[in-house]
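# Remarks on the overall topology
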Number of protein chains: 2
Amino acid sequence: MDERERRSFAWAMLQDVLRVVRATGATPVVLSRTPLELDATVHVDRRRLSTAVNDLLDRDAGETAVLMADVPLVTSDTLESFFDCEDDVVLARGLGGGTNALISRHPDFTVDYHDGSYRDHLAIADEIGASVTEFDSYRLALDIDEPDDLAEVLLHGDARAAEWLRECGFGIESGDRAQHVPRTRSPTPQ
Amino acid sequence: MDERERRSFAWAMLQDVLRVVRATGATPVVLSRTPLELDATVHVDRRRLSTAVNDLLDRDAGETAVLMADVPLVTSDTLESFFDCEDDVVLARGLGGGTNALISRHPDFTVDYHDGSYRDHLAIADEIGASVTEFDSYRLALDIDEPDDLAEVLLHGDARAAEWLRECGFGIESGDRAQHVPRTRSPTPQ
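Residues numbered from 1 in each chain as written. Chains lettered and ligands numbered in written order. Predicted model: local features only at pLDDT ≥ 70, side-chain atom pairs only at ≥ 80, totals over all residues. Heavy atoms only, no water.

## Describing the sheet that holds strand E5 (residues 99-104) of chain A
All names here are of chain A. Which entries qualify depends on this criterion: Two strands pair if DSSP finds at least two bridges between them. Put simply, DSSP H or I for four residues or longer makes a helix, DSSP E for two residues or longer makes a strand, and each gets a number counted from the N terminus. Between N-to-C directions, angles span 0 to 180 degrees; the directions come from axes that are lines fitted to C-alpha atoms, helices contributing only their stretch in contact. Note on definitions: a residue-residue contact is assigned when non-hydrogen atoms from the two residues lie within 4.5 Å.
With mixed pairing, the 4 strands of this open sheet are ordered in space as E3-E5-E4-E6. Looking at the sheet topology across the chains shown, the edges are occupied by strand E3 (64-67) and strand E6 (132-135). Along the sheet, successive strands turn relative to each other by an average axial angle of 10°, direction set aside. Looking at chain direction, strand E4 (residues 89-93) and E6 are connected through 4 bridges and run parallel. What sits directly across from Val89, in E6, is Val132. Contacting E4, E5 and E6, helix H4 (residues 117-127) runs over the sheet at an angle of about 165° to E4.

In structure tokens:
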């Protein structure tokens, strides 16, 4: 994908995630480094992700959920089960060690997004004496960083991100375990 | 990994999976192409995996669960929740389109393990009018095919397979998203 396509695909994923969040009855706020023309509240913050999120956690006493925007397989059922977990901190891992979704209901919980944030979030919760649910979900774990991840979206997705890939000519080629996603046709002249 | 190490790691994963199955109160039967010296019933079948599994499903009227042996992050909690799903067919996807765990309670359900078996199992269940639960689990989805998969075991595993990797010098190197697993030391002279 070139830069324009990456943006367009990210936009499709964001639309999927927003739709799913709304379907649970929650009100999404989009955190972005740049202003976005979006039918949702956009909170622009150019600082590091962890700084920006911690600032939002500080403002929202009570409970806040933080969900990555590149989890296009998430469904409202998944998210409702996630929201139903009752501990002070609820964590859903991402492939590669990250934290794709979390809920904080503890005033002292802070985030630290970086490599392997999942284990650090467990440690932070432990330090402050917060109870933790580790929420086990493939749909929340699947974030988009590598070509293999796109194959998962093609295999299991039925919303805009999956449609976007199909419309742009991405397909699944049968292989051993890795499902490749070569372009079977090119939507734009190369 | 060389061939000997692959076998040794596979053995560690099998031990983890057997321990977890037993912890749920179920009695595991190991399906293998070759005889194994194992503290469990081993059913040797040299035919294709699908043929062998379908034969077992035929014999066991009632309900049968089929679990891959390379899912070292599975826990007894995960497996209990999986077993608790009440539909005729319960499916848990593997990364790459496979089916890492299934339950069949329908006499006409058959398996077809190959690339993208998950979608085919959904189709087979649909054809025979079986009700289906799609069980959403990262721990069951994570099977071992590629180096990145080992990183997941190192990140989230605490049983024999994870120990095996650590003892053999595999570690996690901080990177962007991919957590690499270079050997930080070599257990055997190269």
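## A closer look at the packing of helix H1 (residues 3-23) of chain B against helix H7 (residues 160-167) of chain B
Residue and element names in this part refer to chain B. We count it as follows: Angular relationships are summarised with four words: roughly parallel below 35 degrees, roughly antiparallel beyond 145, roughly perpendicular across 65 to 115, and oblique for the angles in between. Each residue gets one of three labels, nonpolar for Ala, Val, Leu, Ile, Met, Phe, Trp, Tyr, Cys and Pro, charged for Asp, Glu, Lys and Arg, and polar for the others, Gly among them.
One can describe the packing of H1 onto H7 by two numbers: an axis separation of 7 Å at closest approach and a directional angle of 150°. Relative to H7, H1 is oriented roughly antiparallel. Residues Glu5, Ser8, Phe9, Ala12, Met13, Gln15 and Asp16 of H1 form the contact with H7, whose participating residues are Arg160, Ala161, Trp164 and Leu165. Taken together, the residues of the contact of H1 with H7 break down into 6 nonpolar, 2 polar and 3 charged.

## Considering the interface of chain A and chain B
Going by this rule: What gets called buried area is simply the loss in accessible area from a 1.4 Å probe that two parts show on being joined, summed for both. The definition of a polar contact used here is a pair of N or O atoms within 3.5 Å, where within protein one atom must be able to donate a hydrogen and the other to accept one, and adjacent residues in sequence count solely through side-chain atom pairs.
Each partner contributes to the interface: chain A provides 31 residues, whereas chain B provides 31 residues. When the two sides are added together, the surface that chain A and chain B hide from each other amounts to roughly 2700 Å², 44% of it contributed by carbon and sulfur. Inspection of the region where chain A meets chain B yields 12 residue pairs in polar contact (both at pLDDT 80 or more). Listed by contribution, the elements that provide at least two residues to the side of chain A that touches chain B are H4, helix H5 (138-141) and helix H6 (147-156) of chain A. It is H6(A) that contributes the most residues to the side of chain A that touches chain B, 6 residues altogether. For the side of chain A that touches chain B, the per-class residue count stands at 8 nonpolar, 10 polar and 13 charged.

## Some details on helix H1 (residues 3-23) of chain A
Residues and elements named next belong to chain A. Note the following rule: By this rule, a helix spans an expected 1.5 Å times one less than how many residues it contains. Only protein chains enter the area calculation, which uses a 1.4 Å probe; residues under 20% of their type maximum are buried, those over 50% are exposed, and those in between are partly exposed.
With 21 residues, H1 should cover 30 Å at 1.5 Å per step; its first-to-last C-alpha distance of 30 Å lies within 8% of that length. All buried positions along H1 are accounted for by Glu5, Phe9, Ala12, Met13, Leu14, Gln15, Asp16, Val17, Leu18, Val20 and Val21. Considering only its buried residues, H1 is in contact with strand E1 (29-32), E3, helix H3 (76-84), H6 and helix H7 (160-167). Between a side-chain oxygen at the N-terminus of H1 and the backbone nitrogen of Arg4 the separation is 3.2 Å; the capping residue is Asp2. Of the residues flanking the end of H1, it is Gly25, one or two places downstream, whose phi is positive at about 95°.

## Focus on the nonpolar core
Our working rule: Put simply, buried Ala, Val, Leu, Ile, Met, Phe, Trp, Tyr and Cys residues joined by side-chain atoms within 4.5 Å make one nonpolar core.
Grouped together as the largest cluster of nonpolar side chains are 36 residues, with contacts concentrated most on A:Phe9, A:Leu165, B:Phe9 and B:Leu165. Only H1, H5, H6 and H7 of chain A together with H1, helix H5 (138-141), helix H6 (147-156) and H7 of chain B provide two or more residues apiece to this core. Those residues in contact with B:Phe9, other than ones at most four positions away along the chain, are B:Met1, B:Ile144, B:Leu150, B:Ala161, B:Trp164 and B:Leu165.

## Concerning the relation of the copies chain A and chain B
Convention followed: The copies are overlaid by a least-squares fit using only the C-alpha atoms of residues whose pLDDT is at least 70 in both copies.
Overlaying chain A on chain B yields an RMSD of 0.0 Å, the required transformation being a rotation through 180° with an accompanying axial translation of 0.0 Å. The relationship between the two copies is best expressed as a two-fold rotation axis. Interface overlap between copies: 100% of the residues of chain A at the interface are likewise at the interface in chain B, consistent with a symmetric, same-surface contact.

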